[in-house]
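# What the coordinates show
Each chain, written out:
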Amino acid sequence: MSAGGSADGAAAGAVSSTMLLALGIVGGLICIYLAGFLGDFGSVVAGIGAVLAIVWGADAIRRVASYGLGTGVPSIGYMSLSVGVISSLAGISLATILKMTILGPVAALVIAVIIGAIIAIVATKIVGMKIPIMLQCTIEIAGAACLSILAFSVAIAGSFEMMAIYKHVVASGFIAVLFILCTMAIQHPFNACLGPNEDQVRTLKCAASTGFLSMTLVGLLSSISGGLGWFIVTVVGLIGWVISFRAFVQASCNDAASTRWAGLWPKVEE
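Heads up: these notes are all about the structure in this document. Bear in mind the structure is a predicted one, so any value in this text is a computation, not a measurement. (Residues numbered from 1 in each chain as written. Predicted model: local features only at pLDDT ≥ 70, side-chain atom pairs only at ≥ 80, totals over all residues. Heavy atoms only, no water.)

On to the environment of Ser222, then. Topologically, Ser222 is positioned in the loop between helix 8 (200-221) and helix 9 (229-255). Residue Ser222 is classed as buried on the basis of its relative accessible area of 2%. Once the C-alpha coordinates of Ser222 and Phe152 are considered, the two residues, 70 residues apart in sequence, prove to be 9.2 Å apart. Aside from chain neighbours lying at most four places away, what touches Ser222 is Ala155, Ile156 and Trp230. (Helix = DSSP H or I, 4+ residues; strand = E, 2+ residues; numbered from the N terminus. Buried < 20%, exposed > 50% of the residue type's maximum accessible area, 1.4 Å probe, protein only. Contact = heavy atoms within 4.5 Å.)

In C-alpha cells:
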C-alpha cells in the first residue's frame, strides 16, 4: 500500500470517477470540435478542453496509484502520454487518408483506448502486475493524454486538420513541448498530494492548476499562428491558474496540521 491508501478506501473521493470520465471525454471532444468554428475564441475553447482531459487523467492516475504505485506515477504518466501523442497523430492522419476529417478526434480517442488496453493486458497478464483496475485506468489515462495533446494542438494550430497540426505543431517541434507539458500536468497532482492525508478534491484542484498553467504556456506557443487567439488563451489560462492554484493552496492550508513544536531547542536554552 502506498501512502495514498488502499484503492477501495482512500482512493474513493467526493467526486465520482464516472462523472470525471464523462467530463473529460464529452467536454474534451466538444471543445475540440467547437474550436474550428469560433475563430480566435476557438483556441480558448480547445485549451479548456485540454484542462478537462487533464483533470480526468489526474484522477485516473490517483486511482491506479493508490494500489501502491506511488513511485510508478512518472512511469505510467510518460507511457500514457506517449500513447497520447501517437494516437492523436494517428487518428487525424487516418481521418485525412479516409477523407473524413471530422472523424479525426474520435478516431484518435479510439486508437488511444485500444493501445492503452493492450499495454494494460501486457502489464497484468505477462508482467504480472496484480492491480484489478489496471486495465480501466490505463485506458482512461491514455484517453486523457490523447485528448489533452490534441486539444492543445488545436489551440496552437486553430484546427484539428492534419496539415494544420503538422505545420504548426509537429514541424515546429512543439509536439515535444506538449508531450512534456501534458505529462507533468497529469502526473504531478497525485505526486504533489501523495500522503496519508491525500484528498481527492485537493488533488483535483492541483490538477486544474497544472492544466491552466499548461494552457498559459500553450497560449504563448500559439502566437506563431497569428491573430489575437494566443493572447486570449494566455490571459484565460493565467486567470484560471491563479484561481485554481489559490484554491489548492487554501485547501492545503485547511488540511494541514498545526505544528506547535519542531523538536528544536527553545531559544532561551541556546
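Attention now goes to the side chain of Thr183. By the element assignment, Thr183 lies in helix 7 (residues 174-193). On the basis of relative accessible area, Thr183 is assigned to the buried category, the value being 0%. Apart from residues no more than four positions distant in its own chain, Thr183 is found in contact with Gly77, Tyr78, Leu81 and His188.

Each pair of packed helices can be described by the angle between their axes along with the distance between the axes. Direction vectors running N to C along helix 7 and helix 8 enclose 165°, while the axes themselves pass 8 Å from each other. By the angle class used here, helix 7 and helix 8 are roughly antiparallel. By crossing handedness, the relation of helix 7 to helix 8 is classed as right-handed. Together, Phe174, Val177, Leu178, Leu181, Ala185, His188, Pro189, Phe190, Ala192 and Cys193 of helix 7 and Arg202, Thr203, Cys206, Ala207, Thr210, Gly211, Ser214, Leu217, Val218 and Leu221 of helix 8 make up the contact between the two elements. Among the residues making up the contact of helix 7 with helix 8, the classes are represented as 14 nonpolar, five polar and one charged. (Axes fitted to C-alpha atoms, helices over the stretch in contact; angles between N-to-C directions. Parallel < 35°, antiparallel > 145°, perpendicular 65-115°, else oblique. Left-handed = near helix turned anticlockwise from the far one by under 90°. Nonpolar A, V, L, I, M, F, W, Y, C, P; charged D, E, K, R; others polar.)

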